[in-house]
Amino acid sequence: MKKSCAPFHPEHLFSHNGASMQSHKKENSGKAKRLVSKLGLNVVRQYYRETGDWYAPILGYPCALFDPYGYIVLSEQADLDRHKIKVYKGDRIFVDNGISSLTGYTYLPISEERSLQPTSNLILLDRRVQDLRNRGPISRPAGNTKPNLVKGASHPEIQRLPAVKAWILQEAKGICELCRQRGPFLTHQGESYLEVHHVVQLAGGGPDTVENSVALCPNCHRLLHFGVDADSQRQKLYLAVPRVKGE
Ligand SMILES: [Zn+2]
Ligand SMILES: [Zn+2]
């Protein structure tokens, strides 16, 4: 559910001590170079940033900006304006919602096998969902009746199957399964935005299957989690969506 969004904190740029900043820089530039040669990109400069927002001054075009999941190529300086990328003191550049929000952002290629693997990382999950959907129609997945619980550092995390989420979104075609309204806005993929909800929550022992998943608009989704009439709405869901089996 939660989508990570890098907040704008210019002071973080200067909070590192000099030494670790240097080694970080070196590491990032190594990563960027390896990616460029692996992808065979025709660029004269390349920059890598874990958070996809702040980048070092651009010293030549065309250049590639990377985050851990993809990249964008800027062919000329005018592309900065075109993408509303801000240039700050010292010519560092800042991308408001990260490079993944820009038109022309390309995901790094991953294998279909990798895309099918369950994960508890929600960013990775969405990337795999997108990758599966880009590959073409998805057949109804069996899902996982006993999703793996990863005993994490601070709280247990549950691994989810990308194919379940991808199939639910594919079948919903942008229409909320509870209120039957179209999702409130278009995504970068040109589809009405919906979220995938587990009717019996995974944390409560619910299965990660399409029979326990529904596509909802953000309002209906929050309603089912926090609404005073969540229970009656859930009953409505059982009636409205034959795929979902009631308790
Ligand atoms: Zn709705
Ligand atoms: Zn939910």
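Treat the numbers as computed from the prediction; the structure is a model and nothing was measured.

1. Focus on the nonpolar core
Then, in step 1: In terms of nonpolar packing, the biggest core is built from 28 residues, with Cys-176, Leu-178, Leu-194, Val-214, Leu-216 and Leu-237 touching the most fellow members.
Then, in step 2: The set of elements that each furnish at least two residues to this core consists of helix H4 (122-134), helix H5 (162-172), strand S11 (213-216), helix H6 (218-226) and helix H7 (230-240).
Then, in step 3: Top contributing element to this core by residue count: H5, with 7 residues.
Then, in step 4: Aside from chain neighbours lying at most four places away, what touches Val-214 is Ile-168, Glu-177, Glu-195, Val-196, His-197, Val-199, Leu-237, Val-241, Arg-243 and Val-244.
Then, in step 5: Tyr-47, Cys-63, Ile-72 and Tyr-105 belong to the second largest nonpolar core, which has 14 residues in total.

2. Quick notes on the coordination of the zinc ion (ligand 1)
Then, in step 1: Binding of the zinc ion (ligand 1) to the protein goes through Cys-176 (SG), Cys-179 (SG), Cys-217 (SG) and Cys-220 (SG), at separations of 2.3 to 2.4 Å.
Then, in step 2: Of note, the donors binding the zinc ion (ligand 1) are all from one chain and are spaced C-x2-C-x37-C-x2-C. Here Cys-179, found in the loop between H5 and strand S10 (195-198), pairs with Cys-217, found in the loop between S11 and H6; they are 38 residues apart in sequence, far enough to count as distant.

3. Digging into the packing of aromatic side chains
Then, in step 1: Tallied over the entire structure, the rule returns 6 aromatic pairs.
Then, in step 2: Note on Tyr-88 and Phe-94: the rings are 6.4 Å apart at their centroids and 80° apart in plane angle, and the pair reads as edge-to-face.
Then, in step 3: Exposure remark for Tyr-88: the relative accessible area of 29% places this residue in the partly exposed category.
Then, in step 4: For Phe-94, a relative accessible area of 1% puts it in the buried group.
Then, in step 5: Each ring, one from Tyr-105 and one from Tyr-107, has its centre 5.5 Å from the other, and the planes form 80°; the classification is edge-to-face.
Then, in step 6: Pairwise contacts between aromatic rings join Trp-54, Tyr-88 and Phe-94 into one cluster.

4. Some points on the sheet that holds strand S2 (residues 54-55)
For sheets, the rule is that strands pair by backbone hydrogen bonds, running either parallel or antiparallel.
Then, in step 1: In space, the 3 strands of this open sheet follow the order S2-S6-S5, with antiparallel pairing throughout. With one partner strand each, in any of the chains shown, S2 and strand S5 (86-87) form the two edges of the open sheet.
Then, in step 2: When S5 meets strand S6 (residues 93-94), the two strands line up antiparallel, connected through 2 bridges. What sits directly across from Lys-86, in S6, is Phe-94.

5. Topic: the packing of H4 against H5
Then, in step 1: Taken N-terminus to C-terminus, the directions of H4 and H5 make an angle of 60°; their axes are 8 Å apart at the nearest point. In this view, H4 runs oblique relative to H5, as classed from their interaxial angle. The two elements H4 and H5 meet at a crossing, and its hand is right-handed. When H4 is examined against H5, the residues Leu-125, Asp-126, Arg-128, Val-129, Leu-132 and Arg-133 are found in contact with a partner set consisting of Pro-162, Ala-163, Lys-165, Ala-166, Leu-169 and Gln-170.

6. Remarks on the pairing of strand S4 (residues 70-74)
For a regular strand, side-chain orientation follows a simple rule: the groups alternate between the two sheet faces.
Then, in step 1: Most of S4 sits out of view: 4 of its 5 residues are buried.
Then, in step 2: Two elements, strand S3 (residues 63-66) and S4, share 4 bridges in a ladder whose sense is antiparallel. Of the residues in S4, the one forming a bridge with Leu-65 is Ile-72.
Then, in step 3: Between S3 and S4, which pair antiparallel in sequence order, lie 3 residues.
Then, in step 4: Examined bridge by bridge, S4 and strand S7 (residues 106-107) share 2 bridges and lie antiparallel to one another. Bridging from a neighbouring strand, Tyr-71 pairs with Thr-106 of S7.

Thresholds, definitions, all that
Residues numbered from 1 in each chain as written. Chains lettered and ligands numbered in written order. Predicted model: local features only at pLDDT ≥ 70, side-chain atom pairs only at ≥ 80, totals over all residues. Heavy atoms only, no water. Core = buried A, V, L, I, M, F, W, Y, C linked by side-chain atoms within 4.5 Å. Buried < 20%, exposed > 50% of the residue type's maximum accessible area, 1.4 Å probe, protein only. Helix = DSSP H or I, 4+ residues; strand = E, 2+ residues; numbered from the N terminus. Contact = heavy atoms within 4.5 Å. Donors = N, O, S within 2.8 Å, 3.2 Å for Na, K, Ca; no water. Phe/Tyr/Trp six-rings, centres within 6.5 Å; stacked < 30°, edge-to-face > 60°. Pairing = 2+ DSSP bridges. Axes fitted to C-alpha atoms, helices over the stretch in contact; angles between N-to-C directions. Parallel < 35°, antiparallel > 145°, perpendicular 65-115°, else oblique. Left-handed = near helix turned anticlockwise from the far one by under 90°.

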